[in-house]
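An overview of the molecular structure
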Amino acid sequence: MKAFRIAILVAVLAATGPALANHPGNTGIPFASRGACESADAALRTDDKFWLADSFPELFDSVGDAASFLDRAFTCELASDGQWYITDHRIEVLESDWFLRR
């Protein structure tokens with residue numbers, strides 16, 4: 001049953017992510033430094049954590065829980081072009097032991 005709920009969450013986040021949440025729509029924006037990327041990621045997390053907690057109360061017990069998910073699901077990574085990008089790891093996090101133990 002938990003796997004089915006995860007599959008539904010993945011589908012909903014993938015389908016509605018760019019329209020309702022900020023993170024998925026900002027993964028292609030280059031940042032000159034890691035600090036600039038981390039700052040943008042933190043600003044996006046501020047809005048997205050409330051949306052996730054409200055939209056999926058059966059999966060996130062609190063806004064802090066949703067923020068923790070976002071912290072793991074979206075990270076800043078250096079690309080081969082020398083720019084930093086917010087990278088989407090939602091699938092890996094949803095399938096991780098951390099998420100399944102919650």
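Up top you'll find the structure we're talking about.
Residues numbered from 1 in each chain as written. Predicted model: local features only at pLDDT ≥ 70, side-chain atom pairs only at ≥ 80, totals over all residues. Heavy atoms only, no water.

1. Focus on the state of the cysteines
Two cysteines joined by a covalent bond between their sulfur atoms form a disulfide. Enumeration over the complete set of coordinates arrives at one disulfide. Here Cys37 pairs with Cys76 through a disulfide, and the sulfurs are 2.2 Å apart. Here the disulfide of Cys37 and Cys76 is left-handed, its torsion about the S-S bond being about -95°. Of the two residues, Cys37 sits in helix H2 (residues 34-55) while Cys76 sits in strand E1 (residues 74-78), which places them 39 residues apart along the sequence. Owing to a relative accessible area of 0%, Cys37 belongs among the buried residues under this scheme. For Cys76, a relative accessible area of 9% corresponds to the buried category. (Disulfide = S-S within 2.5 Å. Helix = DSSP H or I, 4+ residues; strand = E, 2+ residues; numbered from the N terminus. Buried < 20%, exposed > 50% of the residue type's maximum accessible area, 1.4 Å probe, protein only.)

2. Section: the nonpolar core
The nonpolar side chains of soluble globular proteins are, as a tendency, buried together. Ranked by size, the top nonpolar core spans 21 residues in total, and within it Cys37, Leu52, Phe56, Phe60, Phe69, Ile86 and Phe99 carry the most contacts. Of all the secondary structure elements, the ones that give two or more residues to this core are H2, helix H3 (63-73), E1, strand E2 (84-88), helix H4 (90-94) and helix H5 (97-101). Top element by residues in this core is H2. It accounts for five residues. (Core = buried A, V, L, I, M, F, W, Y, C linked by side-chain atoms within 4.5 Å.)

Geometric descriptors of this kind do not, in isolation, establish any biological role.
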